[in-house]
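This is what each chain is made of:
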Amino acid sequence: MSMATRTETNSPAPHVADNHGLIRVQRARENNLKDVSIEIPKRRLTVFTGVSGSGKSSLVFDTIAAESQRLINETYSTFVQGFMPTPARPEVDVLEGLTTAIIVDQQRMGADPRSTVGTATDTNAMLRILFSRLGKPHVGPPSAFAFNVASVQASGALTVDRGANRTKAVKKTFTRTGGMCTRCEGRGKVSDIDLTQLYDDSKSIAEGAFTIPGWKSDSFWTVRVYSESGLLDPNKPIRKFTKKEMHDFLYREPTKVKVEGVNLTYEGLIPKIQKSFLSKDREAMQPHIRAFVDRAVTFTTCPECGGTRLSEAARSSKIKKINIADACAMQISDLAEWVRGLDEPSVAPLLTALQQTLDSFVEIGLGYLSLDRASGTLSGGEAQRTKMIRHLGSSLTDVTYVFDEPTIGLHPHDIQRMNGLLLRLRDKGNTVLVVEHKPETIAIADHVVDLGPGAGTAGGTVCFEGTVGGLRAGGTVTGRHFDDRASVKETVRKPTGTLEIRGASANNLRDVDVDIPLGVLTVVTGVAGSGKSSLVHGSIPADDGVVSVDQGAIRGSRRSNPATYTGLLDPIRKAFAKANGVKPALFSANSEGACPECKGAGVVYTDLAMMAGVAIPCEECEGKRFQASVLEYHLGGRDISEVLAMSVTEAREFFGAGEARTPTAHAVLGRLADVGLGYLSLGQPLTTLSGGERQRLKLATHMAEKGGVYVLDEPTTGLHLADVEQLLGLLDRLVDSGKSVIVIEHHQAVMAHADWIIDLGPGAGHDGGRIVFEGTPAALVAARSTLTGEHLSAYVGT
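One numbering rule holds for all chains: residues counted from 1, following each sequence as written. With the structure being a predicted model, the display of local features is reserved for residues of pLDDT at least 70 and the display and counting of side-chain atom pairs for 80 or more, all residues being used for whole-chain, interface and lining totals. Excluding hydrogens and water, the side-chain figures rest on all heavy atoms present in the structure.

A few points about the pattern of salt bridges
Put simply, the test is: By definition here, a salt bridge exists when the distance from a side-chain nitrogen of Lys or Arg to a carboxyl oxygen of Asp or Glu is within 4 Å. Labels follow the DSSP assignment, with helices taken as runs of H or I lasting at least four residues and strands as runs of E lasting at least two, numbered in each case from the N terminus. Working definition: with a 1.4 Å probe on protein chains only, accessible area under 20% of the residue-type maximum means buried, over 50% means exposed, and in between means partly exposed.
According to the stated counting rule, one finds 32 salt bridges in the structure shown. For K489, the salt bridge goes to D755, with nearest N and O atoms at 3.0 Å. With K489 in the loop between α18 (477-481) and β18 (497-504) and D755 in the loop between α27 (748-753) and β26 (756-761), this pair connects stretches of sequence that are 266 residues apart. Judged by its relative accessible area of 2%, D755 falls in the buried class. Of the charged contacts in the structure, one is a salt bridge between R493 and D755, with a shortest N-O distance of 2.8 Å. Taken together, the residues span a long stretch of sequence, with R493 in the loop between α18 and β18 and D755 in the loop between α27 and β26 at a distance of 262 residues.

So, helix α24 (residues 663-674)
To be explicit about the condition: Helix span is expected to be 1.5 Å times the residue number reduced by one.
Over its 12 residues, α24 runs 16 Å from end to end, which matches the ideal 16 Å to within 8%, given 1.5 Å per residue. Here α24 has its buried residues at A665, V668, L669, G670, L672 and A673. Once α24 finishes, G676 follows within two positions and takes phi at roughly 85 degrees, a positive value.

With respect to the sheet that holds β26
Applicable threshold: Any two strands are treated as partners once DSSP identifies two or more bridges connecting them. Axis definition: a line fitted to C-alpha atoms, limited for helices to the stretch in contact. Angles are taken between N-to-C directions and run from 0 to 180 degrees.
The strand order across the open sheet formed by 6 strands is β21-β24-β25-β20-β26-β27, and the pairing between neighbours is mixed. The sheet is open, and its two edges are formed by β21 (546-549) and β27 (770-775), each paired on a single side. This sheet shows a mean twist of 15 degrees between the axes of neighbouring strands, independent of strand direction. Pairing of strand β20 (residues 521-526) with strand β25 (residues 740-744) involves 4 bridges; the strand directions are parallel.

Points about the environment of H753
Threshold: Contact between two residues is taken to exist if any of their heavy atoms lie within 4.5 Å; hydrogens are not considered. Polar contacts, as used here, are pairs of N or O atoms within 3.5 Å; protein pairs need one atom able to donate a hydrogen and one able to accept it. Residues neighboring in sequence count only if both atoms are side-chain atoms.
With respect to the helices and strands, H753 occurs in helix α27. Sequence spacing of H753 and K489 is 264 residues, and the spatial spacing of their C-alpha atoms is 6.1 Å. Those residues in contact with H753 that lie beyond four places of it in its chain are K489, L521, L728 and D732. Reaching out from H753, the side chain makes a polar contact with the side chain of D732 at a distance of 2.7 Å.

A few points about the packing of helix α14 (residues 380-392) against helix α15 (residues 412-427)
To be explicit about the condition: Each crossing gets its hand from how the near helix is turned against the far one by less than a right angle, where anticlockwise is left-handed and clockwise is right-handed.
α15 packs onto α14 with a crossing angle of 35 degrees between their chain directions and a minimal axis gap of 12 Å. For the pair α14 and α15, the sense of crossing is left-handed. Here α14 contributes R385, M388, H391 and L392 to the contact with α15, which in turn contributes M418, L421, R424 and L425.

A short note on the packing of aromatic side chains
The description of two aromatic rings rests on the distance between their centres and on the angle between their planes. Stated formally: Geometry of aromatic contacts follows a simple scheme: Phe, Tyr and Trp rings, the Trp one being its six-membered ring, pair when their centres are within 6.5 Å, and the pair is stacked under 30 degrees between planes, edge-to-face over 60, tilted otherwise. Sitting over a ring, as applied to charges here, requires NZ of Lys or CZ of Arg to be within 6 Å of the ring centre and within 35 degrees of the ring normal.
Using the criterion set out here, one finds 12 aromatic pairs in the structure. Taking the centre distance of 6.3 Å and the plane angle of 20 degrees together, the rings of F131 and W338 count as stacked. Pair noted here: F131 is in helix α5 (residues 123-134) and W338 is in helix α12 (residues 332-340), with a separation of 207 residues, a long-range link. Each member of the pair, F131 as well as W338, carries the same accessibility label: buried. On the basis of an interplanar angle of 55 degrees and a centroid distance of 5.6 Å, the ring pair of F210 and Y226 is categorised as tilted. Of the two residues, F210 sits in the loop between β8 (189-193) and α6 (223-227) while Y226 sits in helix α6, which places them 16 residues apart along the sequence. Note on accessibility: F210 and Y226 belong to one class, buried. One aromatic cluster is present, built from ring pairs that chain together Y199, F210, Y226, F241, F249 and Y266. Just above the ring of F147 sits the side chain of R309; from NZ or CZ to the centre is 5.1 Å.

Some details on the confidence of the model for the chain
Filter applied, for reference: As a per-residue quantity, pLDDT reports the predictor's confidence and falls between 0 and 100.
Mean pLDDT over the chain works out to 86, with 94% of the residues at or above the 70 mark. Predicted confidence for residues 1-8 stays below pLDDT 50, and this span has 1 contact to residues more than four positions away or in other chains.

A look at a nonpolar patch on the surface
This is how the line gets drawn: To count toward a patch, a residue needs a relative accessible area over 30% and no salt bridge; like charges are then connected within 9 Å, while nonpolar side chains (Val, Leu, Ile, Met, Phe, Trp, Tyr) are connected within 5 Å. Throughout, the Shrake-Rupley method with a 1.4 Å probe supplies accessible areas, and for residues the shown protein chains are the sole cover considered.
Together, Y76, F79, V80 and F83 give the surface a local cluster of nonpolar side chains, amounting to about 470 Å² of exposed area. On the basis of relative accessible area, Y76 is assigned to the partly exposed category, the value being 39%.

Re the packing of helix α7 (residues 243-251) against helix α8 (residues 269-278)
Note the following rule: Oblique is the label for any angle not covered by the other classes, which are roughly parallel (under 35 degrees), roughly antiparallel (over 145) and roughly perpendicular (65 to 115). Put simply, Ala, Val, Leu, Ile, Met, Phe, Trp, Tyr, Cys and Pro go in the nonpolar bin, Asp, Glu, Lys and Arg in the charged bin, and everything else, Gly too, in the polar bin.
Where α7 contacts α8, the two axes come as close as 4 Å, and the packing angle between them is 10 degrees. With respect to α8, the axis of α7 lies roughly parallel. Residues F249, L250 and Y251 of α7 pack against L269, I270 and P271 of α8. Counted by class, the contact of α7 with α8 contains 6 nonpolar, no polar and no charged residues.

Some words on the nonpolar core
Selection rule: What makes a nonpolar core is a set of buried Ala, Val, Leu, Ile, Met, Phe, Trp, Tyr and Cys residues whose side-chain atoms join them at distances within 4.5 Å.
By size, the foremost hydrophobic cluster in this structure holds 69 residues, and its most contacted members are I572, I640, F655, L682 and V741. When residues in this core are grouped by element, the largest group, 7 residues, is from helix α26 (residues 721-736). In this structure, V741 is in contact with V520, L521, T522, Y710, L712, L731, L734 and V735, ignoring residues within four places of it in sequence. Membership of the second largest hydrophobic core comes to 66 residues, among which are M126, M388, I389 and V527.

Description of unusual backbone geometry
Here K136 and P137 are connected by a cis peptide whose omega angle stands at -5 degrees. Mapped onto the elements of the fold, P137 is located in the loop between α5 and β6 (152-163). In the segment running from G761 into P762, the intervening peptide bond is cis, with an omega of 0 degrees. If you check the backbone angles, D398 has positive phi at about 55 degrees while not being a glycine. By secondary structure assignment, the location of D398 is in the loop between α14 and β14 (400-404). Residue classification places D398 among the partly exposed residues on the basis of a relative accessible area of 39%. One non-glycine residue, K599, lies in positive phi territory at about 55 degrees.

Here it is, written out as structure tokens:
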């Protein structure tokens, strides 16, 4: 009897361990979830969808993934846990059947100036070992090819204790060979500081010569340490300083000085500026500080290493006439071919691992990047796909992979490839949970969970659970819009002028000449890596008339909220102060009006040392964040905490008429409603907003500016199919009001709605960088001459 027959005749009863095929969630209440209970099948692809703000991320990330990570962290020793983030237990009654969660989100990769695609994915580490083994001439160990490692030498005597008062001096020397360029310290760029932006040399220090933001004349730590150090004459104009005084003023090494009996450190102005401003991430700076740094500092390519970040010795060692700087500058798809051509049995396992990693880049659609690309310059979608690299070749199974809109930044041509990767992860026996809006990805799901029906307080419930076919037939918002297709405009607007771009050559652009029409809706499209951002952000001058809304993260603490970010709180505070005859500062939870117990945070954080910390609503103010006396002041019958608890829609009505009528506040609220954020409450912490909500909040803020040209970078990011319609209406209103709108976009509905399309390609990286089509959407559909044209014509059903 064959083995197959024997198995069929007496198939054993299922093993008890095989009964755990579901992740069970009971009564989840995180953020806006309203007692959600669902069962998610394991080893399947489950897509979570619903309008923006419906609770998808609250369920997937803040409940399921957060609890999985918390439980894993608890398996480590208390000592190790002290170095790890400690998420609090989510608000949920029961979570069963969890497996290890690996989160692949859209958080931008760190913008550290020394972080590159190669260092972030460990590909550089493999290349360094390769060059240290095969490079000719041999210059040292792998560290000799690392631009983050400086060469050091040390020698001295060690005293060795031999017991019974006997000691012996032993001479030791230590050397480490690093690959860091000594001029730019591995940054690839050198900064040149414009001294005229730091001080007015016609004035003395006592007369207020410094023009640096935040340097007040009475500040102990900044101005007074210069004026009272005794090293400089505070009453002499700076331009009359002697050579020695000028050197002390600008370059002196840190020196201890006494100012009014207090020991302080005096340091030359240039090293002080470098430490206090230039060591920080530019994106994390406050706007006025960023503007100062942009004015005062120019970054130029390091003349010694030519921007490669590496020392001359590291660049001298070559394999087949290629040094490590050349290898890192190659497009990854080309580098993969070069590595494939290396045949050296002594490093065969290393070559295999390197080959697999580089092939993963190409497979995931990032073959157009180079390893020396700064990781801070990657878009959210590129960063997410870069993080996927390490998981594609993983041998782990029965893991839960959690993705946050993995199709962001992908052309329809690339979405099919991403779908294949998600299915491959599932087929290896993993549970794949995806938060997604694109119908192309929802269509491949084994199981769909649709949340809603609305956003914010109107959402947080499960509207549908089941198959894609059931979703299509269901009456939910997602089901109704699933097969929506925008039609190509029959008539398009006529341009009022043109914005000329000549000889654009940033990144992969091939000396591009293009005229962007003004006064219309222009969409710039093309596959990921074709040069869209390089053309728009790199070539359009960022003057006073251009308002650029990119995908950079909004910086904000848990104290920040839509009211503070948009500047809405200022007119509200003034209106409360005027109505009650008191100071505006009383109506700020970060100032005089703050509850003394929780300092205006609304919650009290308790650090439990070895366990996860706990945030408990403040008992003194009951989470309202203000002193009780402040809440006695009213405007239109409401106190300040009640106003901050209002949604944008409610507040717009409240500040639009009656005693509370405040035109300035009403105008800001109108802009928030226009971008589809009417459901947000004014006091909701910024840290709880999704990526799409943050971008629209930024757009609402920029709409107040008086620019004539709006540049938007993928504004459909994080938007549900139903919300895209509202966004198209907003873009139309902007154009009809006389603005020019230029949108970088992959969404076919936006392309179909455009007046003019500029398509870049034909491929990515060095296969792109050219204009492959200019014209109306109807002409693009009719021609079908490009990848975009093919996908757009399939989308509109021609």
